[in-house]
Amino acid sequence: MAHSINIGDLLLDVSLPARVSQPPVLMVHGIMGGAWYFAKWLKYFSSRGHPAYALNLRGHHGSRPTENFGQASVMDYVADVRDAAAGIRERHPGAPLVLVGHSMGGLVAQKAAESISPGAAILLSSVPPRGIPLLSWPLFRRELKHVSAMLTSRAITVNPRDAADLFLNKVDPTEVASFLPLWAPASGRVGREITFGRIAVDAKKVTCPVVVIAGAEDVAIPPRIQRKVARKYGALFRLYEGNAHFLIWETGWDRIAADVAAWLDQALAEPAALSA
């Protein structure tokens, strides 16, 4: 069963297996999210022997409190991942760390992978780095109302209807309603950095095997964008029909998790072959 722990002032959800037989996994959430939305993946990977951790980035759900949340940057979030990774490695010395990022967390994971040298990186519905334009009309037209907050680095409260239409379009409406109290505000600065492609990632420094997972019905970050992310790293790309942006929760999440776990087993056994 998942419970919460602190690594310094960072708050993480963790699910530990009865017997550790696989490397630890660190999961990084997207904009407005939190560790809470990895609940199914935490349980799944723990059941396979992985110590499974999900990070609450600073300013989310009591983790690393910050006075000026709207000024938090993607690089601040990368620092959070580095600190969490260091704490997890102290608990599991010598084991490779698997990095999982969803949506904005995918971009954070890509940038963090430059410096923390994970054993593997799993990018789910990922925001692209600089050089791959995030051109999605459904996303862009809903961002227009937040331009002022993005330009002035203020916190953004996203309309629940927009969140449902963009990110949760394949989630049961009853569950969508239950998520409302769990969404956090978004950092205006992070919104600006994502929208204008400010975060560059040096693919040569991402030396681990990478897999990019996309839902065919993702309207926020369409598959055509995520294919380009996969090409940047010479990564495996997998597309799931019937799934959308929130594929870690939607119907079929368990099939996706099982496929990722099978890929991970092979990636950790033969990293050179899968990263070529």
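Residues numbered from 1 in each chain as written. Predicted model: local features only at pLDDT ≥ 70, side-chain atom pairs only at ≥ 80, totals over all residues. Heavy atoms only, no water.

A.B. asks: Which residues make up the nonpolar core, and what values do they have?
C.D. replies: By size, the foremost hydrophobic cluster in this structure holds 94 residues, and its most contacted members are Leu12, Leu26, Met27, Trp41 and Val81. With 8 residues, helix 10 (residues 253–269) is the largest single contributor of residues to this core. (Core = buried A, V, L, I, M, F, W, Y, C linked by side-chain atoms within 4.5 Å. Buried < 20%, exposed > 50% of the residue type's maximum accessible area, 1.4 Å probe, protein only. Helix = DSSP H or I, 4+ residues; strand = E, 2+ residues; numbered from the N terminus.)

A.B. asks: Residues and numbers for the sheet that holds strand 5 (residues 98–102), please.
C.D. replies: In space, the 8 strands of this open sheet follow the order 1-2-4-3-5-6-9-10, with mixed pairing throughout. Bordering the open sheet on either side are strand 1 (3–7) and strand 10 (236–240), each of which pairs with just one other strand. Neighbour-to-neighbour, the strand axes of this sheet turn through a mean angle of 25°, independent of strand direction. Its contacts with the sheet put helix 3 (residues 104–116) on strand 3 (25–28), strand 5 and strand 6 (120–124), and the angle it makes with strand 5 is roughly 150°. Of the strands in this sheet, strand 6, strand 9 (210–215) and strand 10 are in contact with helix 9 (residues 223–233), which crosses strand 9 at around 175°. (Pairing = 2+ DSSP bridges. Axes fitted to C-alpha atoms, helices over the stretch in contact; angles between N-to-C directions. Contact = heavy atoms within 4.5 Å.)

A.B. asks: Give a description of unusual backbone geometry that names residues and reports values.
C.D. replies: Phi at Arg64 takes a positive value of approximately 40°, unusual for a residue other than glycine. With respect to the helices and strands, the residue Arg64 is situated in the loop between strand 4 (52–56) and helix 2 (74–91). Residue class for Arg64 comes out buried when judged on its relative accessible area of 14%. Of note in the backbone geometry, Ser117 takes a positive phi value of approximately 50° without being a glycine. Tracing the chain through its elements places Ser117 in the loop between helix 3 and strand 6. Given the relative accessible area of 48%, Ser117 is considered partly exposed.

A.B. asks: Tell me about the pairing of strand 5, and name the residues and values.
C.D. replies: Of all the 5 residues making up strand 5, 5 are buried; the element is thus mostly covered by neighbouring parts of the structure. Residue alternation in strand 5 divides its side chains into two sets, Val98, Val100 and His102 and Leu99 and Gly101, and both sets are buried. By the bridge criterion, 4 bridges tie strand 3 to strand 5 in an arrangement that is parallel. The residue bridging Val25 from the neighbouring strand is Val98, located in strand 5. The sheet contact formed by strand 5 and strand 6 spans 5 bridges and is parallel. Across the sheet, Gly101 pairs through a bridge with Leu123, a residue of strand 6. For the handedness criterion, the β-α-β arrangement of strand 5, helix 3 and strand 6 is classed as right-handed. (Right-handed = clockwise from strand over helix to strand, strands pointing away.)

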